[in-house]
Amino acid sequence: MVSAAAIPVAHAADTDAVPYWVSLRNSQTNMRVGPGRDYRINWIYGRVGLPLKVLREMGGWVLVEDPDGARGWMLTQFVSRKAHTAIVQGAIIEIHPNNNGSGPIMWRAEPGVIARMIGDCTGQWCKVDIDGRQGFAPVANLWGAAKP
């Protein structure tokens, strides 16, 4: 008879730290239906920097959700917590020079554009960098900007 103490128990690492945001590191990353290489590939992502929400961690794998709501498992080595990004959703947004949306429109960004987040959002606005240009965008249209 095997004692209960001898049976390994799978725990989610840093359970109190999830959910959190990550972004894709590679230009080709597989999302699987389970946490292991033996599980079927559900999606193949081809966009570096795509933001994802981590919902769970288990043994070097993370359960993620993409901006469209698809969920699956990825190896932790294919995502980065350091490069915080967000993706424009909903409608074309206006980028302004001030953190309250005031000032002239500097440029516009359409849905699907990935922005690198610069610091934390203040109120309803986030400082972003899009292709080397910085300004403030409305948090409501940035998936990956607000607290997950």
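Preceding this section is the structure that the text describes.
Values in this document were obtained by computation on a predicted structure and should not be read as measured data.

Calculation notes
- Residues numbered from 1 in each chain as written.
- Predicted model: local features only at pLDDT ≥ 70, side-chain atom pairs only at ≥ 80, totals over all residues.
- Heavy atoms only, no water.
- Disulfide = S-S within 2.5 Å.
- Buried < 20%, exposed > 50% of the residue type's maximum accessible area, 1.4 Å probe, protein only.
- Pairing = 2+ DSSP bridges.
- Helix = DSSP H or I, 4+ residues; strand = E, 2+ residues; numbered from the N terminus.
- Contact = heavy atoms within 4.5 Å.

Novice: Explain the state of the cysteines to me, please; I cannot follow it from the model alone.
Specialist: Any covalent bond linking the sulfur atoms of two cysteines counts as a disulfide. Per the counting criterion, the structure on display carries one disulfide. Covalent S-S linkage joins Cys121 and Cys126, the inter-sulfur distance amounting to 1.9 Å. Taking the sign of the torsion about the S-S bond as the criterion, the disulfide between Cys121 and Cys126, at about 100°, is right-handed. For Cys121, a relative accessible area of 26% gives the class partly exposed.

Novice: How should I be thinking about the pairing of strand S13 (residues 133-138) in this particular structure?
Specialist: On a regular strand, each side chain points to the face opposite its neighbour's, so the side chains alternate between the two faces of the sheet. Bridging between strand S12 (residues 125-130) and S13 involves six bridges; their strand directions are antiparallel. Across the sheet, the residue bridging to Lys127 is Phe136, located in S13. As consecutive antiparallel partners, S12 and S13 are separated by two residues, and within that stretch Asp131 has a phi angle of approximately 55°, a positive value.

Novice: Hey, could you run me through the environment of Met74 in this one?
Specialist: With respect to the element layout, Met74 can be found in strand S6 (residues 71-75). Overall, Met74 belongs to the buried group, its relative accessible area being 0%. Once you skip the residues sitting within four places of it in the chain, Met74 turns out to touch Leu24, Thr29, Asn30, Met31, Tyr45, Leu52, Gly60, Trp61, Val62, Val64 and Val79.

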